[in-house]
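Working through the structure, step by step
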Amino acid sequence: MESIQILDAKKHVGETVQIGAWVANKRSSGKIAFLQLRDGTAYFQGIVVKNEVGEEVFQLAKNLNQETAVLVTGEIREDSRSKFGYEIGISGIEVVGESHEYPITPKEHGTDFLMDHRHLWLRSSKQHAIMQIRNEVIRATYEFFNNNGFIKIDPPILTGSAPEGTTDLFETNYFDQKAYLSQSGQLYMEAAAMAFGKVFSFGPTFRAEKSKTRRHLIEFWMIEPEMAFMHQEESLEVQEQYVAFLVQSVLDNCDYALDVLGRDRAILEKYTKLPFPRISYDDAVELLQKNGFEDIQWGDDFGSPHETFIANSFDQPVFILNYPKAIKPFYMKSHPTRDDVVICADMIAPEGYGEIIGGSERATDYEFLLEQIRNHGLDENEYSWYLDLRKYGSVPHTGFGLGLERTVTWLSGIEHVREAIPFPRLLNRIYP
Ligand code: 4AD
Ligand code: MG
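Given the structure is predicted, the values throughout are model-derived calculations rather than measurements.

**Some thoughts on the pairing of strand 14 (residues 318-321)**
In strand 14, alternate side chains face the same way, and those of V318 and I320 on one face and F319 and L321 on the other are all buried. Of the strand pairs in this sheet, strand 13 (residues 278-280) and strand 14 are connected by 3 bridges, and their pairing is parallel. Residue pairing for strand 14: S280 is matched across the bridge by L321. Here 4 bridges tie strand 14 to strand 15 (residues 344-349), and the two strands are oriented antiparallel to one another.

**Some words on the environment of P225**
With respect to the helices and strands, P225 occurs in strand 12 (residues 219-228). By relative accessible area, P225 is classed as buried at 1%. With residues up to four places along the chain from it excluded, the contact list for P225 reads F145, F150, V199, F200, G399 and F400.

**Looking at the site of ligand 1**
Around ligand 1 lies a shell of 23 residues, among which E164, Q186, E209, E224 and E355 are the nearest. Here an oxygen atom of ligand 1 sits 3.4 Å away from a polar atom, N or O, in the main chain of G358. A distance of 2.9 Å separates an oxygen atom of ligand 1 from a polar side-chain atom of R362. Protein chains shield 94% of the accessible area of ligand 1, which is 630 Å² for the free molecule. Elements represented by at least two residues in the shell around ligand 1 include exactly strand 12, strand 16 (354-361) and strand 17 (397-403). Sort the elements by how many residues they give to the shell around ligand 1 and strand 16 lands first, with 5 residues. Its residues assigned to classes, the shell around ligand 1 comprises 7 nonpolar, 8 polar and 8 charged.

**A closer look at the pairing of strand 12**
The buried fraction of strand 12 is high, at 8 of 10 residues. Across 9 bridges, the pairing between strand 11 (residues 198-206) and strand 12 is antiparallel. For F200, the partnering residue across the bridge sits in strand 12 and is P225. Two strands pair when backbone bridges link them, and strand 12 and strand 17 are joined in this way by 5 bridges, in the antiparallel orientation. Across the sheet, the residue bridging to I223 is L402, located in strand 17.

**Some thoughts on the sheet that holds strand 12**
Overall, mixed pairing links the 8 strands, which are arranged 7-11-12-17-16-15-14-13 in an open sheet. Strand pairing shows two members of the sheet lacking a second neighbour, strand 7 (151-152) and strand 13, which therefore form its edges. Across 5 bridges, the pairing between strand 16 and strand 17 is antiparallel. Residue pairing in the sheet places G359 in a bridge with F400 of strand 17. Against the sheet, helix 5 (residues 125-147) contacts strand 7, strand 11, strand 12 and strand 17, and its axis sits at roughly 155° relative to strand 11. Contacts from helix 14 (residues 404-412) reach strand 11, strand 12, strand 15, strand 16 and strand 17 within the one sheet, and its direction differs from that of strand 17 by about 55°.

**A short note on the sheet that holds strand 8 (residues 158-159)**
Reading across the sheet, the 3 strands line up as 8-10-9 and stay open at both edges, with antiparallel pairing between neighbours. With partners counted over all chains shown, the strands left at the sheet margins are strand 8 and strand 9 (171-174), one partner each. Bridge count between strand 9 and strand 10 (residues 177-181): 4 bridges; the pairing is antiparallel. Directly across from N173, in strand 10, lies its bridge partner K178.

About the criteria used
Along each chain, numbering runs from 1 in the same order as the chain's sequence is written. Note on labels: chains are lettered from A, ligands numbered from 1, in written order. Since the coordinates come from a predicted model, pLDDT governs what is reported: local features require at least 70, and pairs of side-chain atoms require 80 or more to be given and counted, while whole-chain, interface and lining totals use all residues. Excluding hydrogens and water, the side-chain figures rest on all heavy atoms present in the structure. Exposure is judged per residue with a 1.4 Å probe applied to protein chains only, and the accessible area is read against the type maximum: over 50% gives exposed, under 20% gives buried, and values in between give partly exposed. Helix numbering and strand numbering both begin at the N terminus, where a helix is a DSSP run of H or I of at least 4 residues and a strand a DSSP run of E of at least 2. For two strands to pair, DSSP has to find at least two bridges joining them. Contacts were defined at the residue level, with two residues in contact if any of their heavy atoms lie within 4.5 Å. What makes a residue near a molecule or strand is one non-hydrogen atom of that residue sitting within 4 Å of it. In the analysis that follows, any N or O atom pair within 3.5 Å is treated as a polar contact, provided that within protein one partner can donate a hydrogen and the other can accept it, and provided that, for residues neighboring in sequence, both atoms belong to side chains. Note on areas: Shrake-Rupley with a 1.4 Å probe; residue coverage comes only from the protein chains shown. Any residue outside Ala, Val, Leu, Ile, Met, Phe, Trp, Tyr, Cys, Pro, Asp, Glu, Lys and Arg is labelled polar, Gly included; the first ten of those are nonpolar and the last four are charged. Inter-axis angles, ranging from 0 to 180 degrees, are taken between N-to-C directions of lines fitted to C-alpha atoms, where helices are fitted over the stretch in contact.

Written out as structure tokens, the structure is:
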């Protein structure tokens, strides 16, 4: 008898198979028991009929506790009434691991309780669906960049540099030196672009941000492409193609997860149409001021209500272009005709999900960068390798960073970024 994963049920209809699974829930009447099972690949129903299996197996089935691990044997059948579409008519059950008083019951639990039990909460069907979408976004990222001539390069996690400002660094001892956990691989990716042309990274990044919002994690994963001989306008095209490709891939490959999450496909379809709208920072400020946001002045950074209002003025992701120099990092290229803004863009997701991409064209001039490093109070010795990139064949180049968890939150249509990563690190949480 073959052991299968229920995901492959289609290929085994009418066959008797064995499946390793956990009991998610159960109900029974006098003669029949319905087990809600999950085997890691999907949630499905197992049916135990007393007359077919006999008293002993039936009693065992009826008394299985939630999250008991079992090996079930039985015949795969089509089941048009369930979301999943297949069930197993059980003929035998072997208990592999007992479970007593599983803390997460089918009743409602508060968020703190669920977060304290994240190691178990991951077993629920909603969390399973979100992780399927996360996996698809990662898979599609590799497909997109590999198909477009990019090579994957891994920047270090322990670094001496602070590309995104010195206020939210995690500092650690590095023998007799100081090191920081990476905020962004960007500076290393710039070196890689000068070596390999078009590159992308995918890795964890860390920000000791004192933000307690539904968009902020302390540890999050970022995809950072960097492209040599490329100006900002071409980078925006890569960005919108990439994001539209992610949306399409989720639509194509995450049917079951979208059903579980109740995500409206017609809404997602809109995000596959190119181009995405663009608005300048200047015009965005004006738009906000005209619509009753009296608090915002030219020069301010946007907060989440501002981003949401701008996003709601369009029905696709929108690029906000060319922010004030004073609120952006040291490495961005100045605008050719204006001294007060830089060549950069943030991509704001629709539906109030906020910024999912930050990117810019990079400064190429050695003297300018050196001055910027000094003006930002950074230690120029730590950046001499970075300055070398402007000494030996400096070329126009541009890149961006897409936040994985914010993107997954948006595509899944869920409330909070903490559910888009298996084990979230938040302002007040490092357990479990
Ligand atoms: O806008 P950010 O800070 O840009 C950079 O780090 C650049 N060095 C990227 C580059 O050009 N290579 O961050 C990029 C993205 C944001 O748009 C957001 O999606 C995500 O990273 N992000 C966060 N996600 C979750 N929690 C946080 N605290 C985040 N901070 C940024
Ligand atoms: Mg940003």
